[in-house]
Protein chains: 4
Amino acid sequence: MAVEIRVIYGDTDQMGVVYYGNYLRYFEAARAEFFRARGGSYLEFEKAGYKLPVVEALARYRKSALYDDLLLVKTSVDYIKGASLKFVYEVFRDGELLADGHTVHACINAEGKPVRFPDDARRLLSAGSGP
Amino acid sequence: MAVEIRVIYGDTDQMGVVYYGNYLRYFEAARAEFFRARGGSYLEFEKAGYKLPVVEALARYRKSALYDDLLLVKTSVDYIKGASLKFVYEVFRDGELLADGHTVHACINAEGKPVRFPDDARRLLSAGSGP
Amino acid sequence: MAVEIRVIYGDTDQMGVVYYGNYLRYFEAARAEFFRARGGSYLEFEKAGYKLPVVEALARYRKSALYDDLLLVKTSVDYIKGASLKFVYEVFRDGELLADGHTVHACINAEGKPVRFPDDARRLLSAGSGP
Amino acid sequence: MAVEIRVIYGDTDQMGVVYYGNYLRYFEAARAEFFRARGGSYLEFEKAGYKLPVVEALARYRKSALYDDLLLVKTSVDYIKGASLKFVYEVFRDGELLADGHTVHACINAEGKPVRFPDDARRLLSAGSGP
């Protein structure tokens, strides 16, 4: 799954490149589209009483993304284990890898307790290689 | 009331100055300190069942704020009328005015209905010229 | 001209709605697409030695934008006069107006001096109703 | 070295907690104060012709930071090796660890080439346990 993101001025910093913290926004946009591309949405997941707070995030910056770049952010599920889920990400510009990283999420219920992923979500997230 | 804000890289854009949208963050920091300086807090206000959504925001940019600048953001209440509240702001660096602006807020209750400001809040917000 | 924006978690705040400062990001995305829709780009404008710093920004918030909303942000040029340019904006969700506003920009040259808009830019920005 | 940060609405998301990407802003604020606490500044470092782009960032989220929290962000240098520098961070609220992480930076010169840290910077960054 991939999402296109156009870099705006508000994403850059005075080094003339995308601010390092903003890649975590791009990662988030990509995983939201991941849900949608498989016919679900993170919103539905929340409405069913679950949340996926981030417990770890890593980004590696290889080349700088610049103002007005059209980025392609790819994501896939690395694993689902019990109450834990890992997404991996790659950020490209014109086929060149600019950055990669991952996020690890806990599945928690409405009371904030970690719970095994509901079967629906598990099927949604682990289905084949996705659209 | 005034709050000091140190400009970070993440606040700037590739023009080498603070991104225009980030002044609204500075305004927010200033009005939170306004509540606190008068012995209250916006958090308490919310816990009492009220919210102050912004219905209008204006900023005028006169000189650029730069990375690592130590800004002084001053705010005061322009008026409280019925369910409406207006804050005005000025952003200074070393005594020089860089930007000013205002926000207008509605007072809404837990059901999202506009309501007259509770007397406690009215007293808190309108008391003298403040600390 | 209009641009679609999908609201991410990072755009929202704990009131469960888009943070008021982030509309200025949406406005910026819209005006960048405005240049592009007319066959130019703000980047080219900069490469020609000009910049368009914002001197005033206004936003009026009518209804809240929510997580995962697909927003349509429309913009057009209100006027170009001498070294001054005004964009107006409207933010819609499913045809409903959520917010509107404007930005006023100065045209400055590489030395930071206000200058009359170059003819190319003037033609680009004022051409008909645009694509 | 430690810096205090007051959480604003603009830092939170609709889960009612600080958005995960914003911790990288807090990390940046802490390392800027690290330079300053030792009598230098990142700005001077840049003016001397060097930059410290981030090549890797990691954050681990243990407990949520909330609106209006007064956070203490501690940082120290883990190592300086050749053209590489690693900062580690811990985010506390009332003595409780909420998050930790690190950033790895390259030292590059005005031409963007990785270079061994200048001796001044090396001394500044590695001096004792710091103020």
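What you see is a predicted model; the values in this text were computed from it and never measured.

1. Notes on the pairing of strand 1 (residues 2-6) of chain B
Residue and element names in this part refer to chain B.
For step 1, the next point in the chain: Side chains Val3 and Ile5 project from strand 1 onto a buried face, and the interleaved Ala2, Glu4 and Arg6 project onto a face without burial.
For step 2, the next point in the chain: Sheet topology note: the strand 1/strand 3 (residues 70-81) ladder contains five bridges and is antiparallel. Each residue of the ladder has a partner; that of valine 3, found in strand 3, is valine 73.

2. Concerning the sheet that holds strand 1 of chain B
For step 1, the next point in the chain: Taken in spatial order, the ten strands line up as 1(B)-3(B)-4(B)-5(B)-2(B)-2(C)-5(C)-4(C)-3(C)-1(C) in an open sheet, and their pairing is antiparallel. Each edge of the open sheet is held by one strand with a lone partner, namely strand 1 of chain B together with strand 1 (2-6) of chain C. For this sheet the average axis-to-axis angle between neighbouring strands, irrespective of direction, equals 20°.
For step 2, the next point in the chain: Pairing of strand 4 (residues 84-93) of chain C with strand 5 (residues 96-106) of chain C, which is carried by ten bridges, proceeds in the antiparallel orientation. Bridged to Phe87(C) within strand 5 of chain C is Thr103(C).

3. Side note on the relation of the copies chain A and chain D
For step 1, the next point in the chain: The two copies are related by a screw motion: chain A maps onto chain D through a turn of 180° and a shift of 0.0 Å along the axis, at an RMSD of 0.0 Å. Taken together, the rotation and translation describe the operation of a two-fold axis. Among all residues of chain A, the minimum C-alpha distance to the rotation axis is found for Leu58(A), at 2.2 Å.
For step 2, the next point in the chain: A symmetric contact is evident, with 100% of the interface residues of chain A recurring at the interface of chain D.

4. Observations regarding the pattern of salt bridges
For step 1, the next point in the chain: With the rule as written, the count across this model stands at 48 salt bridges over all chains.
For step 2, the next point in the chain: For Asp11(A), the salt bridge is made with Arg25(C), and the minimal N-O distance between the two is 2.8 Å. Pair noted here: Asp11(A) is in the loop between strand 1 (2-6) and helix 1 (23-37) and Arg25(C) is in helix 1 (residues 23-37), and the two residues belong to different chains.
For step 3, the next point in the chain: Across the salt bridge formed by Arg116(C) and Asp119(C), the nearest N and O atoms sit 3.6 Å from each other.
For step 4, the next point in the chain: Looking at Asp119(C), the relative accessible area reads 45%, which means it is partly exposed.
For step 5, the next point in the chain: One salt-bridge network, held together by shared partners, links Arg6(A), Asp68(A), Glu33(C) and Arg36(C).

5. Brief notes about unusual backbone geometry
For step 1, the next point in the chain: Although it is not a glycine, Asp68(B) sits at a positive phi angle of roughly 75°.
For step 2, the next point in the chain: Looking at where Asp68(B) falls in the secondary structure, it is placed in the loop between strand 2 (54-61) and strand 3.
For step 3, the next point in the chain: With a phi angle near 50°, Asp94(C) is a residue other than glycine that sits in the positive phi range.
For step 4, the next point in the chain: As for its position among the elements, Asp94(C) is in the loop between strand 4 and strand 5.
For step 5, the next point in the chain: Taking relative accessible area as the criterion, Asp94(C) reaches 79% and is therefore assigned exposed.

6. Focus on the interface of chain A and chain D
For an interface, size is often stated in terms of accessible area lost upon the parts coming together.
For step 1, the next point in the chain: Between chain A and chain D, the contact holds 24 residues from the first and 24 residues from the second.
For step 2, the next point in the chain: Each partner contributes to the roughly 1,900 Å² buried at the junction of chain A and chain D, and carbon and sulfur atoms together form 58% of this total.
For step 3, the next point in the chain: At the junction of chain A with chain D, the criterion picks out zero salt bridges.
For step 4, the next point in the chain: Broken down by secondary-structure element, the contributors of at least two residues to the side of chain A that touches chain D are helix 1, helix 2 (42-47) and strand 2 (54-61) of chain A.
For step 5, the next point in the chain: Split by residue class, the side of chain A that touches chain D holds 14 nonpolar, three polar and seven charged.
For step 6, the next point in the chain: Bridging between strand 2 of chain A and strand 2 (residues 54-61) of chain D involves five bridges; their strand directions are antiparallel.

7. Considerations on the relation of the copies chain A and chain B
For step 1, the next point in the chain: Superposition of chain A onto chain B requires a rotation of 180° combined with a translation of 0.0 Å along the rotation axis, giving an RMSD of 0.0 Å.
For step 2, the next point in the chain: Mapped onto chain B, 100% of the interface residues of chain A again fall at the interface, so both copies present the same surface.

8. Regarding the confidence of the model for chain A
For step 1, the next point in the chain: Residues with a pLDDT of 70 or more make up 96% of chain A, whose mean pLDDT is 93.
For step 2, the next point in the chain: The ipTM assigned to the predicted complex is 0.94, against a pTM of 0.95.

9. As for the interface of chain A and chain B
For step 1, the next point in the chain: Of the residues lining the interface, ten residues belong to chain A; the matching set on chain B comes to ten residues.
For step 2, the next point in the chain: A combined buried area of about 970 Å² lies between chain A and chain B, and 59% of that area is made up of carbon and sulfur atoms.
For step 3, the next point in the chain: Among the residues of chain A in contact with chain B, Tyr9(A), Gln14(A) and Tyr19(A) are the three that bury the most area, contributing 60% of the side total.
For step 4, the next point in the chain: Between chain A and chain B we count zero salt bridges in total.

10. Let's talk about the sheet that holds strand 3 (residues 70-81) of chain A
For step 1, the next point in the chain: Reading across the sheet, the ten strands line up as 1(A)-3(A)-4(A)-5(A)-2(A)-2(D)-5(D)-4(D)-3(D)-1(D) and stay open at both edges, with antiparallel pairing between neighbours. Looking along the sheet, the strands with just one partner apiece sit at the ends: strand 1 of chain A together with strand 1 (2-6) of chain D. When the angles between neighbouring strand axes are averaged without regard to direction, this sheet yields 20°.
For step 2, the next point in the chain: Here seven bridges tie strand 2 of chain D to strand 5 (residues 96-106) of chain D, and the two strands are oriented antiparallel to one another. Across the sheet, Glu56(D) pairs through a bridge with Val104(D), a residue of strand 5 of chain D.

11. Observations regarding the pairing of strand 3 (residues 70-81) of chain D
All names here are of chain D.
For step 1, the next point in the chain: Relative to strand 4 (residues 84-93), strand 3 runs antiparallel, the two being bridged by nine bridges. Bridge pairing in strand 4 links lysine 81 to serine 84.
For step 2, the next point in the chain: Here strand 3 folds back onto strand 4 in antiparallel fashion, the turn holding two residues, of which glycine 82 has a positive phi close to 55°.

12. Some thoughts on the side chain of Arg93(B)
All names here are of chain B.
For step 1, the next point in the chain: With respect to the helices, strands and loops of the structure, arginine 93 is situated in strand 4 (residues 84-93).
For step 2, the next point in the chain: Among the residues examined, arginine 93 registers a relative accessible area of 16% and is labelled buried.
For step 3, the next point in the chain: A polar side-chain atom of arginine 93 sits 3.1 Å from the main-chain carbonyl oxygen of serine 64.
For step 4, the next point in the chain: For arginine 93, the contacting residues outside a window of four places in its chain are Ser64, Ala65, Leu66, Asp69, Leu70, Leu71 and Leu98.

13. Comments concerning the packing of aromatic side chains
Here a ring pair, both rings aromatic, is described through the centre-centre distance and the interplanar angle of the planes.
For step 1, the next point in the chain: Considering all chains together, one arrives at 64 aromatic pairs over all chains under this definition.
For step 2, the next point in the chain: Between Phe35(A) and Tyr42(A) the ring centres are 5.8 Å apart and the planes differ by 65°, which places this aromatic pair in the edge-to-face class.
For step 3, the next point in the chain: When its relative accessible area of 2% is taken as the criterion, Phe35(A) is described as buried.
For step 4, the next point in the chain: When its relative accessible area of 8% is taken as the criterion, Tyr42(A) is described as buried.
For step 5, the next point in the chain: On the basis of an interplanar angle of 75° and a centroid distance of 5.1 Å, the ring pair of Tyr23(D) and Tyr61(D) is categorised as edge-to-face. Of this pair, Tyr23(D) sits in helix 1 (residues 23-37) while Tyr61(D) is found in strand 2, placing the two residues 38 residues apart along the sequence. Comparing Tyr23(D) with Tyr61(D), the two get one shared label, buried.
For step 6, the next point in the chain: Taken together, the ring pairs in this structure connect Tyr9(A), Tyr67(A), Phe27(C), Phe34(C), Phe35(C), Tyr42(C), Phe45(C), Tyr50(C), Phe87(C), Tyr89(C) and Phe117(C) into an aromatic cluster.
For step 7, the next point in the chain: Above the ring of Phe92(B), the side-chain terminus of Lys74(B) is found at 5.1 Å from the ring centroid.
For step 8, the next point in the chain: When the ring centre of Tyr79(B) is taken as origin, the NZ or CZ atom of Lys81(B), which lies over that ring, is 4.4 Å away.

Reading guide: rules and limits
- Residues numbered from 1 in each chain as written.
- Chains lettered and ligands numbered in written order.
- Predicted model: local features only at pLDDT ≥ 70, side-chain atom pairs only at ≥ 80, totals over all residues.
- Heavy atoms only, no water.
- Buried < 20%, exposed > 50% of the residue type's maximum accessible area, 1.4 Å probe, protein only.
- Helix = DSSP H or I, 4+ residues; strand = E, 2+ residues; numbered from the N terminus.
- Pairing = 2+ DSSP bridges.
- Axes fitted to C-alpha atoms, helices over the stretch in contact; angles between N-to-C directions.
- Least-squares fit on C-alpha atoms with pLDDT ≥ 70 in both.
- Contact = heavy atoms within 4.5 Å.
- Salt bridge = Lys/Arg side-chain N within 4 Å of Asp/Glu carboxyl O.
- Buried area = accessible area lost by both parts, 1.4 Å probe.
- Nonpolar A, V, L, I, M, F, W, Y, C, P; charged D, E, K, R; others polar.
- pLDDT = per-residue confidence, 0-100.
- Polar contact = N/O pair within 3.5 Å; in protein donor to acceptor, adjacent residues only side chain to side chain.
- Phe/Tyr/Trp six-rings, centres within 6.5 Å; stacked < 30°, edge-to-face > 60°.
- Lys NZ or Arg CZ within 6 Å of the ring centre and 35° of its normal.

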